[in-house]
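Close look at the chain arrangement
Chain residues, written in single-letter form:
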Amino acid sequence: MSQASLLKTDLRSDLRAIVGEQGMLEGDAVRERGATLFHGRIDAELLVRPRSTEQVSSILGICHARGQPVVTHGGLTGLVNGADAGRGEIVLSLESMNTIERVDVAGRSMRVQAGAKLGNVQRAAEEQGMVFPLDLGARDSATVGGNISTNAGGLRVLRYGMMRNLVLGIEAVLADGTVLTSLNRMLKNNAGYDLKQLFIGSEGTLGIVTRAELRLVSRTRSQETLLASLPTFDAMVDLLGRLDSGLGGQLAAFEALWGNYYDYNTTPAAGNSAPLSRGAPFYVIAEALGGDPEHDRAQLESVLGEALEGGIVSDVVIANSETERRAIWAIREDVWEVQNIAPLLTFDVSLPIENMKAYVQEITQSVHGLAGENRCFVFGHMADGNLHIVVAAGDDAATRARVEDMIYRPLAAIGGSVSAEHGIGLEKRAYLPLSRTPAEIATMRLLKKALDPKGILNPGKVFA
Ligand SMILES: Cc1cc2nc3c(=O)[nH]c(=O)nc-3n(C[C@H](O)[C@H](O)[C@H](O)COP(=O)(O)OP(=O)(O)OC[C@H]3O[C@@H](n4cnc5c(N)ncnc54)[C@H](O)[C@@H]3O)c2cc1C
């Protein structure tokens, strides 16, 4: 049964006058996009696809005047229901604003429109011999605007930092349509407040990012990737220290895999080979980026040789080709393989490394105490204090609430965070007070009120 529209007819015609017929989607064509969301839902009736910052500004000007809520969409790969859109809201998609405007090799920066896909940005930098260092599994769908709005992290944070460290400048459109052009290109600029930081990680609630000036780094000459099996958690901490100091700052990634995650992702059904035998308590995937291939390999072998002799590492392989390197990373990145067991609940928490062993023991015990068949897999960016937890136990509302409680509650006492890199969205907003003080949340609300007084930008996300 079709429902009456909650949008006024003159809103449609005003928006059509800005973006044209091609720039609008209506009805099922909008709602069908919800199928690609992770646990999400799109009930909005109308989607607009502006082609320029000026069009974004005009759209927001109209929406602000009418108090019309707007949800911004990038590549829809976010994992916390941040892009969900209800009836009565309209969607503004950046998909037609995907131009890579300039790569400045000498200045080590590039300017892009916010709808550009991360993978295309990486390739454009590579064509000029440079690297845009943000990297994550969803690289060919996620957009730079989405990466900025979620302050994405990924696989090389240890070396290059999160998106916050990789953005030099931003152009954003405020709720009332004001265009805030702050496209700084320099690494250093202390002239007053650093306004771009307001939009990084604020999940589309303070403004719509339309363009960005990104930081580039030079391509390194050597890339070494290793997979090691280890007997204990403490051995992983030891190995992290040895690689960090022994490789002279070349360590770029250090990913921990609890044994059952490696074992499951290397079963024939998962389709990944097992370069090391299965059954070890822990595995580590690490990557080093350096300047002298021969010397760097020798240095790595020396550090690993000592770790093997000291019983820190049980076994280890170093990739000898790009194919072997990809095969090692696939074991880490094929997160969704485990959904063959049961519907998944996924978590991305951060906590001090010294608390990780006890925390993982506690949550695993709690999950195993649930009725029925259930499994708890842990892996993630250990060096960043960031663990991903995947619980295969069913995703009905009651199970979800119980499991969320098991994962999140223990974090408060150890100063952890309910979101290391995915954000809060709708999914985690009830748990925000576990990671932020009342004064912090009050200040966030103050900022929201100041920049979006009518509350039209991504309403209800981050906090109610
Ligand atoms: C397979 C997979 C692997 C992933 N791995 C990682 C990882 O390693 N590290 C990590 O940090 N994340 C990871 N993610 C999640 C990550 O948050 C997203 O991939 C990405 O950063 C979101 O970009 P998007 O364009 O898809 O944004 P969307 O999903 O479209 O939107 C995300 C949020 O940003 C807002 N938004 C989008 N564009 C704009 C804009 N231009 N202006 C204002 N607000 C905007 C939306 O309203 C929403 O709140 C992964 C996701 C998947 C599916």
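Structure first, text after, so check above.
Residues numbered from 1 in each chain as written. Predicted model: local features only at pLDDT ≥ 70, side-chain atom pairs only at ≥ 80, totals over all residues. Heavy atoms only, no water.

**Notes on the site of the ligand**
To keep things clear, this is the line we draw: When we say a residue is near a molecule or strand, we mean one of its heavy atoms is within 4 Å of it. N or O atoms within 3.5 Å of each other form a polar contact, as long as, within protein, one can give a hydrogen and the other can take it, and as long as residues adjacent in sequence are counted only when both atoms are side-chain atoms. With residues, only the protein chains shown are counted as cover, and all accessible areas are computed by Shrake-Rupley using a 1.4 Å probe. Here a helix means four or more residues in a row that DSSP labels H or I, a strand means two or more in a row labelled E, and each is numbered from the N terminus.
Contacts to the ligand come from 32 residues, most closely from T72, G75, T77, G78 and T143. Contact between the ligand and G75: an oxygen atom at 2.7 Å from a main-chain N or O atom of the residue. Between the ligand and S149, the relevant distance is 2.9 Å, taken from a nitrogen atom to a side-chain nitrogen or oxygen of the residue. Burial of the ligand by the surrounding chains reaches 92%, relative to a free accessible area of 980 Å². Broken down by secondary-structure element, the contributors of at least two residues to the shell around the ligand are strand 3 (70–73), helix 5 (144–149) and strand 10 (208–215). Per element, the largest residue contribution to the shell around the ligand is four residues, and it comes from helix 5.

**Details of the pattern of salt bridges**
What counts here: The salt bridge definition used is simple: a Lys or Arg side-chain nitrogen within 4 Å of an Asp or Glu carboxyl oxygen.
Applying the stated criterion across every chain yields a total of 33 salt bridges. Measuring nitrogen to oxygen at the nearest pair gives 3.2 Å for the salt bridge that ties D28 to R31. Taken together, the residues span about one helical turn, with D28 and R31 both in helix 2 (residues 28–31) at a distance of three residues.

**Here we look at the environment of I42**
Put simply, the rule reads: Each residue gets one of three labels from its accessible area relative to the maximum for its type: buried under 20%, exposed over 50%, partly exposed in between, using a 1.4 Å probe on protein chains only. Here, residues are in contact when the closest pair of their heavy atoms is within 4.5 Å.
Within the secondary structure layout, I42 lies in the loop between helix 2 and strand 2 (46–48). Residue I42 is classed as buried on the basis of its relative accessible area of 4%. When the C-alpha positions of I42 and H73 are compared, they lie 11 Å apart, and in sequence the two are 31 residues distant. Dropping the residues within four chain positions of it, I42 is found in contact with V30, R31, R33, G34, L37, H73, A83 and A85.

**A look at the sheet that holds strand 18 (residues 386–392)**
The criterion, for reference: Strands are labelled as partners when DSSP assigns at least two bridges between them. Only the stretch in contact is used when fitting a helix axis, every axis being a line fitted to C-alpha atoms; angles between N-to-C directions are given from 0 to 180 degrees.
Sheet architecture is open: seven strands sit in the order 15-12-14-13-17-18-16, paired in antiparallel fashion. Bordering the open sheet on either side are strand 15 (315–318) and strand 16 (344–350), each of which pairs with just one other strand. Each strand axis lies, on average, 15° off the axis of its neighbour in the sheet, ignoring direction. Sheet topology places strand 17 (residues 375–380) next to strand 18; five bridges connect them, and they run antiparallel. When the sheet's bridge partners are listed, R375 is paired in strand 18 with A392. Strand contacts of helix 9 (residues 233–246): strand 12 (222–230), strand 13 (251–258) and strand 14 (282–290), with the helix running at about 170° to strand 13, the strand carrying the most contacts.

**Here we look at the nonpolar core**
Formally: Here the nonpolar core consists of buried residues drawn from Ala, Val, Leu, Ile, Met, Phe, Trp, Tyr and Cys, with membership extended through side-chain atoms lying within 4.5 Å.
Formed by 57 residues in total, the largest nonpolar core has its most connected members in L15, I90, F132, I148 and L214. At five residues, helix 3 (residues 53–66) tops the list of elements feeding residues into this core. The contact partners of F132, leaving out residues within four places of it in the chain, are L118, V121, Q122, A125, M163, L166, L214, R215 and L216. By size, the runner-up hydrophobic cluster in this structure holds 54 residues, among which are A235, L240, V284 and I407.

**Some thoughts on the sheet that holds strand 9 (residues 179–182)**
The five strands lie next to each other as 5-6-10-8-9, forming an open sheet whose pairing is antiparallel. At either end of the open sheet lies a strand with only one pairing partner, and these are strand 5 (100–104) and strand 9. When strand polarity is set aside, the average angle formed by the axes of neighbouring strands in this sheet is 10°. Sheet analysis places strand 6 (residues 109–113) next to strand 10, joined by five bridges and oriented antiparallel. Each bridged residue has a counterpart across the sheet, and for Q113 the counterpart in strand 10 is R211.

**Observations regarding the packing of aromatic side chains**
Applicable threshold: The rule is short: rings of Phe, Tyr and Trp, with Trp giving its six-membered ring, pair when the centres are within 6.5 Å, and they are stacked under 30 degrees, edge-to-face over 60, tilted in between. Here, a charge over a ring means that NZ of Lys or CZ of Arg falls within 6 Å of the ring centre while also lying within 35 degrees of the ring normal.
Within the structure shown, the criterion is met by nine aromatic pairs. On the numbers, 6.4 Å between centres and 70° between planes, the contact of Y261 with F377 is edge-to-face. Placement of Y261 in helix 10 (residues 259–265) and of F377 in strand 17 is noted, with a sequence separation of 116 residues between them. The same class applies to Y261 as to F377, namely buried. In this structure an aromatic cluster arises from ring pairing among Y261, Y264, F377 and F379. R445 extends its terminal NZ or CZ atom over the ring of F463, reaching a point 4.7 Å from the ring centre.

**Overview of helix 1 (residues 9–19)**
Basically, it comes down to this: Throughout, the arc means the angular range of directions from the helix axis out to the C-beta atoms.
If you check which residues of helix 1 are buried, you get L11, R12, L15, I18 and V19. Across the axial projection of helix 1, the buried residues extend over an arc of 125°, all falling on one side. Along helix 1, the residues that are exposed and aim more than 90 degrees away from the buried face are T9 and A17. At its buried positions, helix 1 is contacted by strand 1 (24–26), strand 2, helix 3 and strand 4 (90–93).

**Remarks on unusual backbone geometry**
Here L76, not a glycine, exhibits a phi torsion of approximately 60°, which is positive. Relative to the helices and strands, L76 resides in the loop between strand 3 and strand 4. In this model, R108 sits at a positive phi of 55°, which is unusual for a non-glycine residue. Tracing the chain through its elements places R108 in the loop between strand 5 and strand 6.

**Quick look at the packing of helix 1 against helix 3**
For the record, the criterion: If an angle is under 35 degrees, it is roughly parallel; if it is over 145, roughly antiparallel; if it lies from 65 to 115, roughly perpendicular; otherwise it is oblique. Crossing chirality is assigned from the near helix's rotation relative to the far helix, an anticlockwise turn below a right angle marking it left-handed and a clockwise turn marking it right-handed. Three classes are used, and their members are as follows: Ala, Val, Leu, Ile, Met, Phe, Trp, Tyr, Cys and Pro are nonpolar, Asp, Glu, Lys and Arg are charged, and the others, Gly among them, are polar.
Look at helix 1 against helix 3: their axes get within 9 Å of each other, and the N-to-C directions meet at 165°. When the axes of helix 1 and helix 3 are compared, the pair comes out roughly antiparallel. As helix 1 runs across helix 3, the sense of the crossing is right-handed. Across the interface between the two elements, D10, L11, D14, L15, I18 and V19 from helix 1 touch Q55, S58, I59, I62 and R66 from helix 3. Its residues placed into classes, the contact of helix 1 with helix 3 shows six nonpolar, two polar and three charged.

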